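# Structural features, examined
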2 protein chains.
Amino acid sequence: MHTPATLVRGGTSKCWLFHQVHVPTELGALEKLLVAAYGATDPVELDGVGGATPTTSKAAVVSASPEPDTDIDYLFAQVGIGTGSVEWTSNCGNCATGVALYAVAKGLVPITGDRTRVVMRNMNTGAVLEGLVDTTGGVAHDFGDQTVPGTRAGGVAVGLTFRDPAGRTTGSLLPTGSTAQELRIGAADPILVSMVDAGAPVVLVDATSAARTGAETLEQMRADAPWLRTVRHAAAPLMGLLKPGEEPGDAVPKVGLVGRPVPYTTTLGERVAAQDYDISVRMLTMNAPHPAIGLTSAVAVAAAGLLEGSVVSRAAGGPTEEWLRLGTPAGVIAVRCSDLSDGRPGRVTVQRAARLLADARIYVPEPGRPQAA
Amino acid sequence: MHTPATLVRGGTSKCWLFHQVHVPTELGALEKLLVAAYGATDPVELDGVGGATPTTSKAAVVSASPEPDTDIDYLFAQVGIGTGSVEWTSNCGNCATGVALYAVAKGLVPITGDRTRVVMRNMNTGAVLEGLVDTTGGVAHDFGDQTVPGTRAGGVAVGLTFRDPAGRTTGSLLPTGSTAQELRIGAADPILVSMVDAGAPVVLVDATSAARTGAETLEQMRADAPWLRTVRHAAAPLMGLLKPGEEPGDAVPKVGLVGRPVPYTTTLGERVAAQDYDISVRMLTMNAPHPAIGLTSAVAVAAAGLLEGSVVSRAAGGPTEEWLRLGTPAGVIAVRCSDLSDGRPGRVTVQRAARLLADARIYVPEPGRPQAA
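This structure is a prediction, so every number in the text was calculated from the model and none was measured. (Residues numbered from 1 in each chain as written. Chains lettered and ligands numbered in written order. Predicted model: local features only at pLDDT ≥ 70, side-chain atom pairs only at ≥ 80, totals over all residues. Heavy atoms only, no water.)

### Overview of the relation of the copies chain B and chain A
Note on the identical chains: chain B maps onto chain A by a rotation of 180 degrees and an axial translation of 0.0 Å, with an RMSD of 0.0 Å. Here the two chains are linked by the operation of a two-fold rotation axis. Minimal C-alpha distance to the rotation axis in chain B is attained by Ala-360 of chain B, lying at 2.0 Å. (Least-squares fit on C-alpha atoms with pLDDT ≥ 70 in both.)

Okay, structure coming up:
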């Protein structure tokens, strides 16, 4: 079987995009197809197009949206590496920027002058996002010079806005009702966390309360991944993310540390001063240190920053205003909250970049045939 | 710029194949194109189609051969990860099996019944190889059930034969004139090595002489990589692989340990008994532990096995005959030497498998524009 697909880089992620007309609508059949196409029963994804890391083993299915005022629907898939399964419960902002560029480049939305707006509905979470794609000269561009923290590679500029992001998954910005609360992990002293649903459901640990800084190296984060996983699993039921009897997974909630700004060196070797940003953030992606931060997590951090007493506003020295600058391992990412009402942001925007890497026809083995494992 | 290419899995390698008509013939321009297409200035190859590991950052340029009795010419490229350069000095047997399948599937050679022979010339080394591709029913197959050690994934069966492999790079099977000799690395006691040119130039270390076993785990090999690199660099000038004033590189000679057979567990978790194979082999690929063994290295080990006094025949308990079974981390690989004359094999054959993964059109950024680094 041959399935058309396009490989895009959205920010610091690589993602294969499939048009809905070429793949099954039924989720089980789609999962089998993706696992077979990626070679995903194998930890190195040798027998397929997967990239064998969390940020390069992603997919999305794209279609024209039947919704009014919405251009594109997309379903995001975090293709498990070596698990033979797919996580369907989260969104990916990086991939959304790739979807916006793809929609313009493949003619799914008409170009409207120097910038073209693509309104997208994420089918995993119900989130509505806008991609504002650089179409300078009234044409689609394959290449561009916009960069994002974490890579020196240029791409086409895409402004990504999350519309009314609060409570999309759980129904509430603060699913436990608290801006911050103590959480006990094993026999250790309780830690202070904020559990927030905006962009994605996220549990943010006050680094100081856990004898950490929020400015850990990727190496330190790797060592801390098992502990952060137990924090995720403790938070999941409190946030209402588990069906009765269900075991916690590795995709939701997102989990990470926040702390005060301190001087540090990015993974590209650039020095960052404490006054260059407002808050230190170190996240996991699945069970590995995130090289920067997932954009949906950045939305949650920014939304929490607006709230008095959250672990974010504590570390930032008080509730934040329109702009929040996040210090991540890859560098500083600025997030803008606007259209505020009752402490909730109506719009959260980040400047990003995307690039088409390849148009392909993937040879997909018959699902279920023996694969690497 | 858009460049057509096909991603193949050959055995345990992934390799993008380009037809010569679509890429520059001049090596410098070709190198720039591959580095840009793979995003190879960046250690994670984020902004391109590279796989960011030595076995998934390979390419080959394929064309019809002008030589009589030869079907296909191919030039192999080991695309450096994070270096922004390409190693042109070695061949890759896994990729050759992919080239043979591609040649049949894309109609570059006519199908001749249930098996189709593809005679290939490797332009890096001058090696001539035959791929015997399964074309059961007189048709090309996209999928198959043949497996190779190191993966459970099935592919199309390809028998790969190296024709007259001795001395292709240096002019001599034994470029130093010795079947085995002592080599001094730093201040330590000398080690016993065989320096052999067959399939590829390879320096094989007698594991016992270096207080090792030849059956090391990948973890142990990772720790030993810097030491093995010094062995490679010491052997390179002795084998005549350096031009005057040139620094040793990381591609040639191949380097590894050989030792007696012992019981061990493969990386797929299968138990192997000492009587199931003839010799333990642990190789590096570039500066990382090879998950199995490069086929060109397997040819060198088998050719050395035929020679009295080589480190291979010492570990095997005497010179080997037609078949040699190599115990690698991924499992046992059987190599057949035939058409022997004067202790040199006229043909060396391994049973392999290959699969087409994707046909693509790669968006290649203008070479030299800023990329990830």
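### Observations concerning the nonpolar core
If you look at the biggest cluster of nonpolar residues, it comprises 66 residues, and the most contacted ones within it are Tyr-74, Val-118, Met-120, Leu-204, Val-312 and Leu-326 of chain A. Of the domains in this structure, domain 1 (2-164 + 354-363) and domain 2 (181-353) of chain A are the two that each give at least three residues to this core. Here Val-312 of chain A is in contact with Leu-204, Val-258, Ile-279, Val-301, Ala-304, Gly-305 and Leu-324 of chain A, once residues within four sequence places are set aside. Listed in part, the 65 residues of the second largest apolar core include Cys-92, Tyr-102, Ile-333 and Leu-356 of chain B. (Core = buried A, V, L, I, M, F, W, Y, C linked by side-chain atoms within 4.5 Å. Buried < 20%, exposed > 50% of the residue type's maximum accessible area, 1.4 Å probe, protein only. Domains from an automatic or database assignment. Contact = heavy atoms within 4.5 Å.)

### A look at the domain arrangement of chain A
Residues and elements named next belong to chain A. Split by domain assignment, chain A resolves into domain 1 (2-164 + 354-363) and domain 2 (181-353). Averaged C-alpha coordinates put domain 1 and domain 2 at centres separated by 24 Å. Taken together, the contact pairs 34 residues of domain 1 with 27 residues of domain 2. The three residues of domain 1 that bury the most area against domain 2 are Pro-149, Arg-152 and Phe-162, which together make up 23% of that side's buried surface. Seen at the junction of domain 1 and domain 2, the total is 1 salt bridge. Viewed at the interface, domain 2 and domain 1 are joined by 9 residue pairs in polar contact (both at pLDDT 80 or more). Of all the secondary structure elements, the ones that give two or more residues to the side of domain 1 that touches domain 2 are strand S1 (2-10), helix H2 (93-105) and strand S8 (156-163). (Buried area = accessible area lost by both parts, 1.4 Å probe. Salt bridge = Lys/Arg side-chain N within 4 Å of Asp/Glu carboxyl O. Polar contact = N/O pair within 3.5 Å; in protein donor to acceptor, adjacent residues only side chain to side chain. Helix = DSSP H or I, 4+ residues; strand = E, 2+ residues; numbered from the N terminus.)

### Let's talk about the side chain of Thr-125 of chain A
Residue and element names in this part refer to chain A. In this structure, Thr-125 sits in the loop between strand S6 (115-122) and strand S7 (128-134). Here the side chain of Thr-125 touches Asn-122 through a polar contact of 2.7 Å, side chain to side chain. A polar side-chain atom of Thr-125 sits 3.2 Å from the main-chain amide nitrogen of Ala-127. Setting aside residues no more than four positions away along its own chain, Thr-125 makes contact with Thr-89, Ser-90, Asn-91, Arg-168 and Thr-169.

### Topic: the interface of chain B and chain A
Listed per partner, the contact involves 40 residues of chain B and 40 residues of chain A. Buried area between chain B and chain A, both sides added, is near 3,200 Å², and the carbon and sulfur share of it is 50%. Across the pair Arg-355 of chain B and Asp-47 of chain A runs a salt bridge, and its minimum N-O distance is 3.0 Å. Our count for the contact surface shared by chain B and chain A stands at 22 residue pairs in polar contact (both at pLDDT 80 or more). Elements with a contribution of two residues or more to the side of chain B that touches chain A: strand S1 (2-10), strand S2 (13-19) and strand S19 (344-363) of chain B. The leading source of residues in the side of chain B that touches chain A is S19 of chain B, at 9 residues. Per-class residue counts for the side of chain B that touches chain A are 18 nonpolar, 10 polar and 12 charged. Sheet topology note: the strand S19 (residues 344-363) of chain A/S19 of chain B ladder contains 5 bridges and is antiparallel. Of the residues in S19 of chain B, the one forming a bridge with Ala-358 of chain A is Ile-362 of chain B. (Nonpolar A, V, L, I, M, F, W, Y, C, P; charged D, E, K, R; others polar. Pairing = 2+ DSSP bridges.)

### What to know about helix H4 (residues 295-305) of chain B
Along H4 of chain B, 11 of the 11 residues are buried, which leaves the element largely enclosed by surrounding structure. All of the buried residues in H4 of chain B are Leu-295, Thr-296, Ser-297, Ala-298, Val-299, Ala-300, Val-301, Ala-302, Ala-303, Ala-304 and Gly-305 of chain B.

### So, helix H1 (residues 27-38) of chain B
Residue and element names in this part refer to chain B. Helix length check: H1 (12 residues) gives 16 Å between terminal C-alpha atoms against 16 Å at 1.5 Å per residue, within 8%. When we look at burial in H1, the residues that qualify are Leu-30, Leu-33, Leu-34, Val-35, Ala-36, Ala-37 and Tyr-38. Close packing links the buried residues of H1 with S1, S2, strand S3 (58-64), strand S4 (72-79), strand S5 (86-87) and S19. You can read the cap of H1 off the contacts: a side-chain oxygen lies 2.8 Å from the backbone nitrogen of Gly-28, and it is on Glu-26. Of the residues flanking the end of H1, it is Gly-39, one or two places downstream, whose phi is positive at about 65 degrees. (Expected span 1.5 Å × (residues − 1).)

### Things to note about the packing of aromatic side chains
Residue and element names in this part refer to chain A. In this structure the tally under the stated criterion is 2 aromatic pairs over all chains. With 5.5 Å between their ring centres and 80 degrees between their planes, Tyr-264 and Tyr-277 make a pair best called edge-to-face. Of this pair, Tyr-264 sits in strand S13 (residues 264-265) while Tyr-277 sits in the loop between strand S14 (271-272) and strand S15 (279-285), and the two are 13 residues apart along the sequence. As far as the burial class goes, Tyr-264 and Tyr-277 line up, both buried. (Phe/Tyr/Trp six-rings, centres within 6.5 Å; stacked < 30°, edge-to-face > 60°.)

### Overview of the environment of Ser-85 of chain B
All names here are of chain B. Structurally, the position occupied by Ser-85 is in the loop between S4 and S5. Under the relative-accessibility criterion, Ser-85 is labelled partly exposed at 31%. With 274 residues separating them along the chain, Ser-85 and Asp-359 place their C-alpha atoms 25 Å apart.

### Some remarks on the pattern of salt bridges
Taken as a whole, this structure holds 30 salt bridges over all chains when the rule is applied. One salt bridge connects Arg-121 of chain B with Glu-67 of chain B, and the closest N-O pair in it is separated by 3.7 Å. Here the residue Arg-121 of chain B occupies a position in strand S6 (residues 115-122), and Glu-67 of chain B occupies one in the loop between S3 and S4, the gap between them amounting to 54 residues. It is possible to trace a salt-bridge network through shared partners that takes in Arg-117, Glu-130, Arg-163 and Arg-347 of chain A.

### Thoughts on the state of the cysteines
All names here are of chain B. One pass over the structure, following the stated rule, counts 0 disulfides over all chains. Take Cys-15: it sits in no disulfide, and the sulfur closest to it among the cysteines is that of Cys-95, at 3.4 Å. Considering cysteine sulfurs only, Cys-92 is the nearest to Cys-95, which forms no disulfide, with 3.1 Å between them. (Disulfide = S-S within 2.5 Å.)

### Some remarks on the pairing of strand S11 (residues 200-206) of chain A
Residue and element names in this part refer to chain A. Burial runs high along S11: 7 of the 7 residues are buried. The two faces of S11 match: Ala-200, Val-202, Leu-204 and Asp-206 on one face and Pro-201, Val-203 and Val-205 on the other face are all buried. In this structure, strand S10 (residues 191-198) lies alongside S11, joined through 6 bridges in antiparallel fashion. Across the sheet, Asp-197 pairs through a bridge with Pro-201, a residue of S11. If you look at the hairpin formed by S10 and S11, you'll find 1 residue sitting between the two strands, and Gly-199 has a positive phi there, around 85 degrees. In this sheet, strand S12 (residues 254-259) lies alongside S11 in parallel orientation, the contact comprising 5 bridges. In the strand pairing of S12, Val-205 is matched with Leu-257. With helix H3 (residues 218-238) bridging S11 and its parallel neighbour S12, the resulting β-α-β unit is right-handed. (Right-handed = clockwise from strand over helix to strand, strands pointing away.)

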